[in-house]
Amino acid sequence: MINIELTKDDITKIEADAIVNAANSSLLGGGGVDGAIHRAGGKQILDECIEIRNRQGKCKTGEAVVTTAGNLPAKYVIHTVGPVWNGDEEKCSELLANCYQNSLKLAESLGLNTIAFTNISTGVYRFPKELAGKIAVKEIKNFKSEILEKVIFVCFDEENEEIYRTLLKE
Ligand code: ADP
C-alpha cells in the first residue's frame, strides 16, 4: 500500500524522487507553481520541455511528461496538464483523474519510490478545491503499485491543506 503524507510547503523545496508540476499544454512555463518550478530549477528543465515539444508537440490535458529537476532537490519533474474548470463536472473530473493516473504510471515506469503532488488545477485553472482533493486522494488510494512507496500532497494554501487533512482522516 502507498503511504500518504500531507504537508503545507513550497513544492520546489521537497526532496522526493519526483515532484509533479501543474503545467500548461505548451510546456513552456507559466505562472503559479509552474513558474516557481522553472525559476528554482533553472534552464535545464525548460530545455528538456522544449525537446519534448519538438518531439511530440504540446502535452494534452490529462497527460504527463517527465524531465530532470535541474537545481531542485527532487530527481525528476513530472509535468502534467490539468483541465481548466468550465463547469462540466464529469469531463473535468475525468481529466483531472487522468493527470494523477498518468503521473503515477510515469513515476512507476521510472522505478521511483516517492512522488510529491501539487494541487493540480486548483489555482488559475479554477477547479473546485474540495472536488479536486477528493479526486486526488481517490486516485492515489486506487493505484496499485509494487514500486511506489510514498505520495506527498504538497498544499500551498491553508484551504487546500484543511481539505486534504479532512479527506485523509476519512
Ligand atoms: P493550475 O493552472 O493548474 O491551476 P496553479 O499553479 O495556478 O496551476 O495552481 C495549482 C496549485 O498550486 C494551487 O493550489 C496553488 O496554490 C499551488 N501552488 C502555487 N505555487 C506553489 C508552490 N511553489 N508549491 C506548491 N504549490 C504551489
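Residues numbered from 1 in each chain as written. Predicted model: local features only at pLDDT ≥ 70, side-chain atom pairs only at ≥ 80, totals over all residues. Heavy atoms only, no water.

Named according to an unreviewed UniProt entry, the protein is O-acetyl-ADP-ribose deacetylase originating from Chryseobacterium shandongense.

> Before we go on, may I ask you to explain the site of the ligand in this structure?
In the region of the ligand, 17 residues are neighbours, and Ile11, Val33, Thr122, Gly123 and Val124 sit closest. One of the backbone N or O atoms of Ile11 is found 2.9 Å from a nitrogen atom in the ligand. When the ligand is considered free in solution it has 560 Å² of accessible area, and contact with the protein chains removes 91% of it. Across the shell around the ligand, the residue classes break down as seven nonpolar, seven polar and three charged. (Near = heavy atom within 4 Å. Polar contact = N/O pair within 3.5 Å; in protein donor to acceptor, adjacent residues only side chain to side chain. Areas by Shrake-Rupley, 256 points an atom, 1.4 Å probe, with all protein chains shown as cover. Nonpolar A, V, L, I, M, F, W, Y, C, P; charged D, E, K, R; others polar.)

> Help me understand the UniProt feature "domain: Macro" (unreviewed entry) in the protein in this model?
UniProt tags residues 1-170 as "domain: Macro" (unreviewed entry). Between the end C-alpha atoms of residues 1-170 the distance is 16 Å, and the span holds 42% helix and 19% strand. (UniProt positions renumbered as here; feature names shortened; annotations may be inferred. Helix = DSSP H or I, 4+ residues; strand = E, 2+ residues; numbered from the N terminus.)

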